[in-house]
Amino acid sequence: MTPVQRRRLMWVLIVLLAGGLATTLVAFALQRNIAYLYTPAEVLRGDAGNQERFRLGGMVVKGSFQRADGSLEAHFVVTDGDATLPVSTSRILPDMFAEGTAVVASGRLENGRFIADEVLAKHDENYVPKEVADKMGAAHTKHDVPVPAVEAR
């Protein structure tokens, strides 16, 4: 092997190693920031595992919302039709947040209670996040709950 070929081979190896290192760093960064969506039944079943952060999706149980006067600390219960999970947050809730509506909360599980860092609510009366709708549809089918027909517009 000539010195020129050896130098080219070294450059190719350096470029391949740098590319592999960059790909590995990007993969680790993305993996750490991914937040999977789980329903209360999946969380209580242990499907969420020991993840530090994940998203909880479902419907806010009617009559479960509580907030002390003059405080941002809010407590409510989220259900998917199979199970319920209490949620606490000290953040400002969106204007569209209400009991009986779809919600997706990002946070962590702590002592059987979901501590939400961010709460997202539906944006109109017909919207439910697709992942939540799919999982709740499965729960409705399982429990023979009639689902209202979608209006044609």
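Preceding this paragraph is the structure being described.
Please read these numbers as outputs of a predicted model, since none were measured by experiment.

K.L.:
Tell me about the pairing of strand S6 (residues 102-110), residues and numbers included.
P.N.:
Look at any regular strand and the pattern is simple: side chains alternate between the two faces of the sheet. Both strand S2 (residues 54-60) and S6 contribute to a ladder of 6 bridges, which runs antiparallel. By the bridge assignment, Arg-55 is partnered in S6 with Ser-106. For S6 and strand S7 (residues 113-121), the ladder comprises 8 bridges, and the chain directions are antiparallel. Residue pairing in the sheet places Ala-105 in a bridge with Val-119 of S7. A loop of 2 residues connects S6 with S7, the two strands running antiparallel in sequence, and Asn-111 in this loop sits at a positive phi of about 55°.

K.L.:
Can you lay out the side chain of Ser-64 for me, pointing to particular residues and giving the numbers?
P.N.:
Looking at where Ser-64 falls in the secondary structure, it is placed in the loop between S2 and strand S3 (66-67). Of the polar contacts made by the side chain of Ser-64, one reaches the backbone nitrogen of Val-77; its length is 3.1 Å. Not counting residues within four places of it along the chain, the set of residues in contact with Ser-64 comprises His-75, Phe-76, Val-77 and Glu-99.

K.L.:
Which residues make up the side chain of Asp-80, and what are the values?
P.N.:
Tracing the backbone shows Asp-80 in the loop between strand S4 (74-79) and strand S5 (84-89). As a buried residue without a salt bridge, Asp-80 has its nearest oppositely charged side chain in Arg-45, at a separation of 6.9 Å. Separated by 3.2 Å, the side chain of Asp-80 and the backbone nitrogen of Ala-41 make a polar contact. A distance of 2.9 Å separates the side chain of Asp-80 from the backbone nitrogen of Ala-83, its partner in a polar contact.

K.L.:
Report on a nonpolar patch on the surface, specifying residues and quantitative values.
P.N.:
Taken together, the side chains of Met-1, Leu-9, Met-10, Trp-11, Val-12, Leu-13, Ile-14 and Leu-16 present a nonpolar region at the surface, about 850 Å² in accessible area. On the secondary structure map, Trp-11 appears in helix H1 (residues 3-33).

K.L.:
Give a detailed account of the pattern of salt bridges, specifying residues and quantitative values.
P.N.:
A side chain of one charge can pair with a side chain of the opposite charge if their charged atoms are brought near each other. Overall, the coordinates contain 4 salt bridges when judged by the stated rule. When salt bridges with common partners are traced through the structure, they connect Arg-53, Arg-108, Glu-110 and Asp-117 into a single cluster.

K.L.:
Any chance you could break down the pairing of S4 for me, citing the residues and the numbers?
P.N.:
Summarising the sheet, S2 and S4 pair through 2 bridges and their orientation is antiparallel. Considered in S4, the bridge of Val-60 is made with Val-78. Relative to S4, S3 is paired through 2 bridges, and the arrangement is antiparallel. Each residue of the ladder has a partner; that of Gln-66, found in S4, is His-75. In this antiparallel pair of consecutive strands, S3 and S4, the connection spans 6 residues, and Gly-70 shows a positive phi of 75°. The hairpin formed by S4 and S5 contains 4 residues between the paired strands, and Gly-81 there has a positive phi angle of roughly 100°.

Analysis parameters
- Residues numbered from 1 in each chain as written.
- Predicted model: local features only at pLDDT ≥ 70, side-chain atom pairs only at ≥ 80, totals over all residues.
- Heavy atoms only, no water.
- Pairing = 2+ DSSP bridges.
- Helix = DSSP H or I, 4+ residues; strand = E, 2+ residues; numbered from the N terminus.
- Polar contact = N/O pair within 3.5 Å; in protein donor to acceptor, adjacent residues only side chain to side chain.
- Contact = heavy atoms within 4.5 Å.
- Buried < 20%, exposed > 50% of the residue type's maximum accessible area, 1.4 Å probe, protein only.
- Lys, Arg positive; Asp, Glu negative; His and termini not counted.
- Salt bridge = Lys/Arg side-chain N within 4 Å of Asp/Glu carboxyl O.
- Patch = residues over 30% accessible without salt bridge, like charges linked within 9 Å, V, L, I, M, F, W, Y side chains within 5 Å.
- Areas by Shrake-Rupley, 256 points an atom, 1.4 Å probe, with all protein chains shown as cover.

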